[in-house]
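If you want the building blocks of each chain, they are given just below.
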Amino acid sequence: MKSIISDLHLKFAEKTWKETFQLVRRCMDKPKDSSRPCVPLLRSLERLQEVVNVSSLNTMRSRLEMIAKQQGMGFHITEATCYLTADMFYLEVVLLLCGGVEEVKVAPHGGSPVPSESFFQLLRLKQFTEFALKLADLFTQYNIPGDNDQKLKLFASLQFLGKDLEQISLLPCVPIDSAQGDMINNGRVGCLIAGKADCPLSIQFYSTPTDGMKTSDLPEEEMTDREMVVQAAMVTVDVSDVPHKLQTASVIQQPPQLDPQGYPVLLPLSEMPSEMLPACFHLKLQPAIPMMCSFVDKLRQITGVVMPDVDLQWAALPKLLMSSSPSAKIHMETFDGQDAIFTTPLPGSVMHSYILPGAAWEVPAQRGTVVDSIPFTHPAHVPALLELLRHQCVVNTLLRSCMTSQCTGTGSVCDQHFEVRPESDISCSVTFQGPHTDSLVVLLVNVSDSHQITCTLFGAEIGDPSMDENLSTIMKKSMSIPLALRTLYLKLEEITPAPLSASPEATTEAENDQSASTTTAASDTNGAFTTFSQNAALPEDDLSLSGSACYANSDKSELLPEINTSPAVSPYPFAPGGVFSHWMTNNGHLSELI
């Protein structure tokens with residue numbers, strides 16, 4: 001065998017790429033089993049085409065043919081025109097002799113070819129990877145199951161759905177910072193990208209902040225720029241094990257009838273032309289979204305369509321978020337094989353450490369699954385589904401803000417340590433040690449819906465009733481727990497007096513004064529010694545940090561238990577016997593206190 005390989009190497013050592021390419025093509029044209037392509041040869045062809053410069057008509061044809069076969073589409077050639085074909089649409093690509101592209105057209109089933117500027121530009125710039133991805137989305141849109149009659153019915157139903165969603169999208173929405181963000185985060189159907197011949201029907205429904213924090217609540221150095229991440233969904237129709245009634249006409253009357261909120265009335269399918277078909281509409285999420293089990297149940301309640309549990313893999317929500325965050329996987333440390341610790345850098349060379357206790361997040365109520373597709377049957381389901389998805393995305397964004405670590409390695413020295421625990425499916429608590437004290441501070445973050453985030457502070461003697469509102473504003477604008485906690489910690493440092501540090505000379509002088517005072521008190525027969533002892537040596541049970549931040553003037557601080565610093569507690573919060581461990585052992589979850 002080695003001799004044969006060596007002979008082959010010698011035989012083709014001086015062959016050009018073009019000759020090698022043609023050899024592989026000849027081998028692929030004559031497979032031993034026509035029902036199964038030769039995988040090694042197919043991979044060789046793909047690798048060859050990736051390195052061969054597309055500078056001729058033939059090389060462009062070969063590249064387009066490979067892309068078509070990868071998508072499961074047909075490929076045909078007539079002179080200088082290539083056709084990438086599917087059951088419900090086809091692409092027409094007119095080539096130049098030099099390998100360039102003159103024109104690209106897309107023709108849906110029963111329609112005339114329409115020029116596609118987006119496909120044309122991708123091929124003109126030879127961005128074949130992006131071209132293949134866009135073609136895959138279009139193929140998914142038109143890849144309708146069933147026989148020809150069923151395909152046509154489902155395609156017509158999908159078109160009626162798209163037209164109804166487009167009418168709903170023209171409704172006014174609550175104004176916010178920018179027009180695009182307004183439509184994405186507040187529109188009833190988000191930012192709808194109407195389906196065209198070369199573009200599938202899709203919806204952008206959630207985006208994270210794009211700008212740095214522009215609020216007086218944050219110092220200038222805290223303002224950070226973050227890249228916008230847009231969550232989208234492609235609207236498709238797919239086969240179903242159970243027949244569903246789907247629309248065969250618009251569910252919006254003409255002229256539209258408006259409800260008291262000014263929205264068009266969507267008629268039920270029982271009052272409109274419809275047909276039972278073995279399929280249903282789908283929101284194909286891009287990317288998939290980790291969702292809590294309670295949110296998945298709400299999806300089912302909205303649509304009335306069963307999402308098979310066999311397709312859902314359940315795990316703790318932080319684990320699901322970590323699996324979809326490369327930076328979190330790289331910079332995550334394990335603690336006793338269960339807890340997850342993340343180190344997060346902040347402006348001003350500040351390093352935060354966040355611990356997510358495995359025992360708290362692994363309870364059944366806090367488990368979730370990754371959802372990539374949501375079935376539904378009526379246009380009225382879409383606004384409610386999108387609002388629920390936005391709600392989950394806000395929860396995920398806040399938790400991810402504690403996981404996006406950029407530290408250089410493990411074992412980094414952190415300035416502050418925080419413990420994040422779930423309190424419900426829409427709230428969590430962040431516990432940390434206050435500055436200059438051994439007392440604990442708890443921040444409760446509640447996400448009541450996609451537009452309402454409230455922060456409630458416990459155990460911090462701030463004396464400012466607007467602090468909760470300010471923290472809520474910062475949290476909503478930045479969508480970052482670390483940034484909000486950085487602001488809070490700076491505020492606590494301002495109002496919490498630092499412990500006095502005495503010089504050696506001052507210490508010696510104080511000791512001498514104390515010795516003299518003790519001697520004087522001992523000689524006092526009028527009870528002065530008794531008074532001194534009662535004031536200077538309180539019983540051990542009363543060492544409760546009565547002047548610490550844990551005893552605020554506000555009523556809500558009374559909800560926190562008394563924190564006793566005797567016996568001694570480890571200065572590292574997460575270590576066995578540390579502040580967090582000591583407090584949680586004696587007091588349990590915040591939800592048990594509130």
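What counts as what
- Residues numbered from 1 in each chain as written.
- Predicted model: local features only at pLDDT ≥ 70, side-chain atom pairs only at ≥ 80, totals over all residues.
- Heavy atoms only, no water.
- UniProt positions renumbered as here; feature names shortened; annotations may be inferred.
- Helix = DSSP H or I, 4+ residues; strand = E, 2+ residues; numbered from the N terminus.
- Contact = heavy atoms within 4.5 Å.
- Areas by Shrake-Rupley, 256 points an atom, 1.4 Å probe, with all protein chains shown as cover.
- Core = buried A, V, L, I, M, F, W, Y, C linked by side-chain atoms within 4.5 Å.
- Buried < 20%, exposed > 50% of the residue type's maximum accessible area, 1.4 Å probe, protein only.
- Axes fitted to C-alpha atoms, helices over the stretch in contact; angles between N-to-C directions.
- Parallel < 35°, antiparallel > 145°, perpendicular 65-115°, else oblique.
- Left-handed = near helix turned anticlockwise from the far one by under 90°.
- Nonpolar A, V, L, I, M, F, W, Y, C, P; charged D, E, K, R; others polar.
- Pairing = 2+ DSSP bridges.
- Polar contact = N/O pair within 3.5 Å; in protein donor to acceptor, adjacent residues only side chain to side chain.
- Salt bridge = Lys/Arg side-chain N within 4 Å of Asp/Glu carboxyl O.
- Phe/Tyr/Trp six-rings, centres within 6.5 Å; stacked < 30°, edge-to-face > 60°.
- Lys NZ or Arg CZ within 6 Å of the ring centre and 35° of its normal.
- Expected span 1.5 Å × (residues − 1).
- Patch = residues over 30% accessible without salt bridge, like charges linked within 9 Å, V, L, I, M, F, W, Y side chains within 5 Å.

Looking at an unreviewed UniProt entry, one finds the protein named Mediator of RNA polymerase II transcription subunit 1, with Notothenia coriiceps as its source organism. We quote the UniProt Subcellular location (unreviewed entry) comment for the protein here in full: "Nucleus". The record held by UniProt for the protein lists under Sequence similarities (unreviewed entry) the comment "Belongs to the Mediator complex subunit 1 family."

Novice: Quick one: what's the story with the overall build of the protein, residue by residue and with numbers?
Specialist: Within the protein one finds 18 helices and 18 strands. The contacts in the protein between residues at least 6 apart in sequence include a share of 61% that link residues at least 24 apart. For the protein, the accessible surface area stands at approximately 30600 Å², while carbon and sulfur atoms represent 53% of it.

Novice: For the nonpolar core, give the residues involved together with the corresponding values.
Specialist: Ranked by internal contacts, the top residues of the largest apolar core, which has 113 residues, are L91 and F205. If one sorts the elements of this core by residue count, helix α13 (residues 381-400) sits on top with 10 residues. Filtering out sequence-adjacent residues up to four positions away, F205 remains in contact with I184, N185, G190, Q231, A232, A233, L285, I289, L386, L389, R390 and C393.

Novice: Would you mind going over the packing of helix α14 (residues 467-478) against helix α15 (residues 481-495) in detail, with residue names and values included?
Specialist: Between α14 and α15, whose axes approach to 8 Å, the crossing angle comes to 150 degrees. The angle between α14 and α15 falls in the class roughly antiparallel. Remark: the crossing between α14 and α15 carries right-handed chirality. Of the residues in α15, those touching α14 at M467, L471, I474, M475 and S478 are I481, L483, A484, T487, L488 and K491. Tallied by class, residues from the contact of α14 with α15 come to 8 nonpolar, 2 polar and 1 charged.

Novice: Residue-level account of the pairing of strand β8 (residues 230-247), with values.
Specialist: Where strand β7 (residues 202-207) lies against β8, 5 bridges are found, and the strand directions are antiparallel. Pairing of Q204 across the sheet is with A232, part of β8. Sheet topology note: the β8/strand β9 (residues 274-292) ladder contains 12 bridges and is antiparallel. Across the sheet, residue Q247 finds its bridge partner in β9, namely S274.

Novice: How would you explain the sheet that holds strand β14 (residues 367-376) if you had to name every residue and give the values?
Specialist: Two modes of strand pairing occur in sheets, parallel and antiparallel, and in both the strands are linked by backbone hydrogen bonds. With respect to topology, 6 strands assemble into an open sheet ordered β6-β7-β8-β9-β14-β10, the strand pairing being antiparallel. Only two strands of the sheet have a single partner each, and these edge strands are β6 (191-193) and β10 (315-316). Summarising the sheet, β9 and β14 pair through 8 bridges and their orientation is antiparallel. Bridged to M291 within β14 is T369. On top of the sheet, helix α6 (residues 128-142) reaches β8 and β9; it is set at about 25 degrees to β8, its chief contact. Across the sheet, α13 is in contact with β7, β8, β9 and β14; its angle to β9 comes to roughly 15 degrees.

Novice: Describe the sheet that holds strand β3 (residues 89-95), naming the residues involved and giving the relevant values.
Specialist: Ordered by their spatial adjacency, 5 strands build an open sheet running β1-β2-β3-β4-β5, and the pairing between neighbours is antiparallel. Looking at which strands have only one partner, the edges of the open sheet turn out to be β1 (74-78) and β5 (114-115). Where β1 and strand β2 (residues 81-85) come together, 5 bridges link them in antiparallel fashion. When the sheet's bridge partners are listed, F75 is paired in β2 with L84. Contacting β1, β2, β3 and β4 (101-108), helix α4 (residues 57-70) runs over the sheet at an angle of about 155 degrees to β1. Lying on the sheet, helix α5 (residues 117-124) is in contact with β3, β4 and β5; it crosses β4 at an angle near 145 degrees.

Novice: Account for the environment of D259, with residues named and values stated.
Specialist: Inspection of the secondary structure assignment puts D259 in the loop between β8 and β9. One polar contact links the side chain of D259 to the main-chain amide nitrogen of Y263, over a distance of 2.7 Å.

Novice: An account of the pattern of salt bridges is requested, with residue identities and associated values reported.
Specialist: Scanning the entire structure with this criterion turns up 9 salt bridges. Between E387 and R390 there is a salt bridge; the shortest N-O distance is 3.2 Å. Of the two residues, E387 and R390 are both situated in helix α13; the distance of 3 residues between them amounts to about one turn of the helix. Among the residues examined, E387 registers a relative accessible area of 29% and is labelled partly exposed. Through salt bridges that share partners, D149, K153 and E275 make up one connected network.

Novice: Tell me about the packing of aromatic side chains, residues and numbers included.
Specialist: Scanning the entire structure with this criterion turns up 8 aromatic pairs. Ring geometry for Y142 versus F155: centroids 5.6 Å apart, planes at 35 degrees, classification tilted. Taken together, the residues Y142 in helix α6 and F155 in helix α7 (residues 148-169) connect sequence positions 13 residues apart. On the basis of relative accessibility, which here comes to 11%, the residue F155 falls in the buried class. Taken together, the ring pairs in this structure connect Y354, F418, F432 and Y489 into an aromatic cluster. Across from the ring centre of F128, 4.5 Å away, lies the NZ or CZ of R63, which sits over that ring. In this arrangement the basic side chain of K298 is found over the ring face of F295, its NZ or CZ atom lying 5.0 Å from the centre.

Novice: So, α6: which residues are in play, and what are the values?
Specialist: The periodicity of an α-helix, 3.6 residues per turn, causes residues three or four positions apart to be oriented the same way. Here α6 spans 21 Å end to end across 15 residues, near enough to the 21 Å set by a 1.5 Å rise per residue. For α6, every residue scored as buried is listed here: F128, F131, A132, L135, L138, F139, Q141 and Y142.

Novice: Could you give an account of α7, naming the residues involved and the relevant values?
Specialist: Taking 1.5 Å of rise per residue, 22 residues should cover 32 Å, and α7 covers 31 Å from first to last C-alpha, within 8% of that figure. Of the residues making up α7, those classed as buried are Q150, K151, L154, F155, S157, L158, L161, G162, D164, L165, I168 and S169.

Novice: Outline the environment of Y206, supporting the account with residue identities and numerical values.
Specialist: Checked against the element boundaries, Y206 lands in strand β7. By relative accessible area, Y206 is classed as buried at 8%. Separated by 22 residues in the primary sequence, Y206 and I184 have C-alpha atoms spaced 5.6 Å apart. Other than its neighbours up to four places away in sequence, Y206 contacts I184, N185, V229, V230, Q231, R390, C393, V394, T397 and M479. A polar contact of 3.0 Å, which involves the side chain of Y206, links it to the side chain of T397.

Novice: Describe in detail a nonpolar patch on the surface, supporting the description with residues and values.
Specialist: A cluster of nonpolar residues, I4, I5 and L8, forms a patch on the protein surface that exposes about 250 Å² of accessible area. Relative to the elements of secondary structure, I4 occurs in helix α1 (residues 2-12).

Novice: Give a detailed account of the pairing of strand β16 (residues 427-433), specifying residues and quantitative values.
Specialist: Burial runs high along β16: 6 of the 7 residues are buried. Of the pairings in the sheet, the one linking strand β15 (residues 416-424) to β16 comprises 6 bridges and is antiparallel in character. From the neighbouring strand, E419 faces β16, where its bridge partner is T431. Hairpin remark: β15 followed by β16, antiparallel, with 2 residues in the connecting loop. Where β16 and strand β17 (residues 440-449) come together, 7 bridges link them in antiparallel fashion.

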